[in-house]
Amino acid sequence: MTVPTAAHHADAQPPITMFGPDFPYAYDDFLAHPAGLGQVPATEHGKEVAVIGGGLSGIVTAYELMKMGLKPVVYEADQIGGRLRTVGFEGCDPGLTAEMGAMRFPPSSTALQHYIDLVGLKTKPFPNPLAPDTPSTVVDLKGESHYARTVEDLPEVYTQVMEAWNACLEEGADFSDMNRAIRERDVPRIREIWARLVEKLDNQTFYGYLCDSTAFKSFRHREIFGQVGFGTGGWDTDFPNSILEILRVVYTEADDHHRGIVGGSQQLPLRLWEREPEKIVHWAPGTSLSSLHDGTPRPAVTRMDRTAGNRVTVTDASGDIRTYEAAVFTAQSWMLLSKIACDDALFPIDHWTAMERTHYMESSKLFVPVDRPFWLDKDEETGRDVMSMTLTDRMTRGTYLLDDGPDKPAVICLSYTWCDDSLKWLPLNANDRMEVMLKSLSEIYPKVDIRKHIIGNPVTVSWENEPYFMGAFKANLPGHYRYQRRLFTHFMQDRLPEDKRGVFLAGDDISWTAGWAEGAVQTALNAVWGVMTHFGGSTDGTNPGPGDVYDEIAPVELPED
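Residues numbered from 1 in each chain as written. Predicted model: local features only at pLDDT ≥ 70, side-chain atom pairs only at ≥ 80, totals over all residues. Heavy atoms only, no water.

Student: Where do I start with the overall build of the protein chain in this structure?
Tutor: If you tally the helices and strands in the protein chain, you get 18 helices and 21 strands. Radius of gyration (C-alpha) of the protein chain: 24 Å, near the 24 Å computed for a compact globule of 561 residues. Counting only residues that meet the buried cut, the protein chain has 60% of its 561 residues in that class. Taking the intrachain contacts of the protein chain between residues at least 6 apart in sequence as the baseline, contacts between residues at least 24 apart amount to 73%. Here the protein chain has roughly 21600 Å² of accessible surface; of this, 49% comes from carbon and sulfur atoms. Treating the 52 positive side-chain charges of the protein chain as one cloud and the 81 negative ones as another, the clouds have centres 1 Å apart. (Helix = DSSP H or I, 4+ residues; strand = E, 2+ residues; numbered from the N terminus. Rg over C-alpha atoms; globule rule 2.2 N^0.38 Å. Buried < 20%, exposed > 50% of the residue type's maximum accessible area, 1.4 Å probe, protein only. Contact = heavy atoms within 4.5 Å. Areas by Shrake-Rupley, 256 points an atom, 1.4 Å probe, with all protein chains shown as cover. Lys, Arg positive; Asp, Glu negative; His and termini not counted. Charge placed at Lys NZ, Arg CZ, Asp CG, Glu CD.)

Written out as structure tokens, the structure is:
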């Protein structure tokens, strides 16, 4: 739920951004600088670079490499966009869409916002629980429902839970100090606080952290917090994960103030694919990623090998075999363990171990199109909205109401679930899922006939069952910090043996903030810097890249022994 917290400062404070805490580098400033991201020698212009994965990270990587005069060759097994996947409803107005993957983006995602602005997309407030633009919220726990427009409308125990959450963040994680340091981009202070916390908390679960807090001694409070939470909803699906994962989110307010992309998030990678950059080296004006690929990316990669001269040879599903001096892998890393036949020599053994230890969270959604936003109708007896954004301990967990105005068709996300809650849906098809969801919601809203408003078939996704994803996003478990550090720092290849260079990892699960599009963009920019350096290029002295300042801001290194 969106509530006042210690993080909400006066407008005079600098804005919060996803600047650290692990690697406090200003990716937004890097992108905005008039000198650009760097250049490669003219002798390298036109050289091909494999970019494996056409999600946001892959498309950003390819777009920026193309601007430098290199020739990205994008491989995509499914469709451009990855987990930025926007779908329509068969037989309905094409403007009626559902976001199967990423659907809400925090303003702190400033590198992401650079590309949203670049392609001319607009955003609007996302109807999270108790957010200012959400008409109303219903919290339904243990068969008891509470209607609210603000947190003050809920029973006192919810305020107690909110205060306990704020208190335990201050008590155990120096929340205000870190939030302020990130706002002010105070790198020494960020590093000082975070180094201490990483060493102290790497072995701690989110739930264990709550239990250790004097503020959360009450099991009832922990249970309510898990089911309802603060920010986007319940946190209990994250309880087994490392507390460091949670702190990265709350320090940077990634869980709050969310906005959706008008018309659907998949437009962002699709527009970048078609975009003709105004400033481009080597290529003729009017060149785009689409034109370099004759409109279509290469198909799925089936094999990757190290070959003579430390090259990378890529085989795709059509049988085409191409050899590259450099390749960027942006798909989820489990693909390298299962879907793609890989030469062990591609990566050092410690990096393979880190990929094998990757833990992905499951996630499912189901959407239905409806004739109008009927939830804004008023109950004759109470004067309340007849239906609200709903958080519940029933099977649906989170129900979101999405509309573009009172007289237009609208969409309901009947259910958005994670982890074990997502696995409960896995055996059911879309219609079976819808029936269970409608039953659950009818128990909360006995007067509302949702079914009579439905105008098309449901659409659903379970990301753990998607063959090219096998999960929604990475979530580190306790003890995984060292693994994450290995993957994130892989772009610094002068630290690697010479025979292990030339393949670069990128994507949100390589970032410190898996599941956030900002992480996909940041790691793409790391890979761009790495490829540029690999080809003998460099950044402008006035705009150092992430690798140029790496030694000053390198992530905390925990001992291995």
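There's more to say after this.
Student: Before we go on, may I ask you to explain the pattern of salt bridges in this structure?
Tutor: Proximity of charged atoms lets side chains of opposite charge pair with each other. Applying the stated rule across the entire model yields 42 salt bridges. A cluster of three or more residues bridged by salt bridges with shared partners is formed by E48, K71, R298, D316, D320 and R322. (Salt bridge = Lys/Arg side-chain N within 4 Å of Asp/Glu carboxyl O.)

Student: Explanation requested: the sheet that holds strand β10 (residues 311–316) in the structure shown.
Tutor: Within a sheet, neighbouring strands are paired by backbone hydrogen bonds and run either parallel or antiparallel to one another. Across the sheet, 4 strands lie side by side as β11-β10-β9-β13; this open sheet has mixed pairing. A strand with exactly one partner marks an edge of an open sheet, and here the two such strands are β11 (321–324) and β13 (341–342). (Pairing = 2+ DSSP bridges.)

Student: Explain helix α5 (residues 175–184) to me, please; I cannot follow it from the model alone.
Tutor: Since the α-helix packs 3.6 residues into each turn, any two residues three or four apart lie on the same face. Taking burial as the measure, the 10 residues of α5 include 7 buried ones, the bulk of the element. Buried-residue contacts for α5 involve α4 (156–173), α6 (187–201) and α9 (243–251). Taken from the residues just after α5, R185 is the one with a positive phi, measuring 55 degrees.

Student: Whenever I open this one, the packing of aromatic side chains confuses me. Can you help?
Tutor: Two aromatic rings are characterised by how far apart their centres lie and by the angle between their planes. Counted under the stated rule, the structure contains 31 aromatic pairs. An angle of 45 degrees between the planes, with centres 5.6 Å apart, marks the rings of F126 and Y400 as tilted. Of this pair, F126 sits in the loop between β5 (123–125) and β6 (137–141) while Y400 sits in strand β17 (residues 398–402); the two residues are 274 residues apart in sequence, bridging distant segments of the chain. Per residue, the accessibility class of F126 equals that of Y400, and both read buried. A ring pair is formed by W165 and F206, whose centres lie 5.8 Å apart and whose planes are at 55 degrees; its orientation type is tilted. One end of the pair, W165, is in helix α4; the other, F206, is in helix α7 (residues 206–212), and 41 residues separate them in sequence. (Phe/Tyr/Trp six-rings, centres within 6.5 Å; stacked < 30°, edge-to-face > 60°.)

Student: Is there a simple way to think about the side chain of T396 in this case?
Tutor: For T396, the position within the fold is in the loop between β16 (389–392) and β17. With residues up to four places along the chain from it excluded, the contact list for T396 reads L414, S415, Y416, T417, W425, M437, S440 and L441.

Student: What's the story with the sheet that holds strand β15 (residues 363–370) in this structure? I'm lost.
Tutor: Spatially, 7 strands are ordered β7-β6-β16-β17-β18-β15-β19 in an open sheet, and the strand pairing comes out mixed. Each having just a single partner strand, β7 (144–148) and β19 (459–462) make up the two edges of the open sheet. Sheet twist, expressed as the mean angle between neighbouring strand axes with direction ignored, is 15 degrees. Across 2 bridges, the pairing between β16 and β17 is antiparallel. Bridging across to β17, T390 finds its partner in T399. Taken strand by strand, helix α15 (residues 430–444) contacts β6, β7, β15, β16, β17, β18 (410–418) and β19, and its axis lies near 80 degrees from that of β15. (Axes fitted to C-alpha atoms, helices over the stretch in contact; angles between N-to-C directions.)

Student: Would you take a moment to explain the pairing of β11 for this structure?
Tutor: Regular strands have side chains that alternate between both faces of the sheet. For β10 and β11, the ladder comprises 4 bridges, and the chain directions are antiparallel. What sits directly across from T313, in β11, is T323. Adjacent in sequence and paired antiparallel, β10 and β11 are bridged by 4 residues, among which G319 carries a positive phi angle near 95 degrees.

Student: How should the packing of helix α3 (residues 110–118) against helix α17 (residues 517–534) be read in this particular structure?
Tutor: The axes of two packed helices give the description: the angle between them and the distance between them. At a closest axis distance of 7 Å, the pairing of α3 and α17 adopts a crossing angle of 85 degrees. Between α3 and α17, the interaxial angle falls into the category roughly perpendicular. In contact with T110, A111, L112 and Y115 of α3, α17 contributes A517, E518, V521 and L525. Its residues assigned to classes, the contact of α3 with α17 shows 6 nonpolar, 1 polar and 1 charged. (Parallel < 35°, antiparallel > 145°, perpendicular 65-115°, else oblique. Nonpolar A, V, L, I, M, F, W, Y, C, P; charged D, E, K, R; others polar.)

Student: Can you help me understand the packing of α4 against α9 in this one?
Tutor: Their axes nearest at 12 Å, the elements α4 and α9 cross at an angle of 110 degrees. Taken together, the axes of α4 and α9 lie roughly perpendicular to each other. At the point where α4 passes α9, the crossing takes the left-handed sense. Contact with α4, carried on its side by W165, L169 and A173, involves I246, L247, V250 and Y251 of α9 and no other residues of that element. Of the residues assigned to the contact of α4 with α9, the class counts are 7 nonpolar, no polar and no charged. (Left-handed = near helix turned anticlockwise from the far one by under 90°.)

Student: Is there a simple way to explain the environment of G82 in this structure?
Tutor: As for its position among the elements, G82 is in the loop between β2 (71–75) and β3 (86–88). Sequence spacing of G82 and A102 is 20 residues, and the spatial spacing of their C-alpha atoms is 9.6 Å. In this structure, G82 is in contact with G54, G55, W463 and F469, ignoring residues within four places of it in sequence.

Student: So what exactly am I meant to see when it comes to helix α16 (residues 481–488) here?
Tutor: Most of α16 sits out of view: 7 of its 8 residues are buried. Looking at α16, one finds that the buried residues are Y481, Y483, Q484, R485, R486, L487 and F488.

Student: For this particular structure, what's the right way to read the side chain of T252?
Tutor: Looking at the secondary structure, you find T252 in the loop between α9 and β8 (259–261). Ignoring anything within four residues of it in the chain, the contact list for T252 reads I16, T17, M18, G20, S108 and I182.

That's the geometry; what it means functionally is another story.
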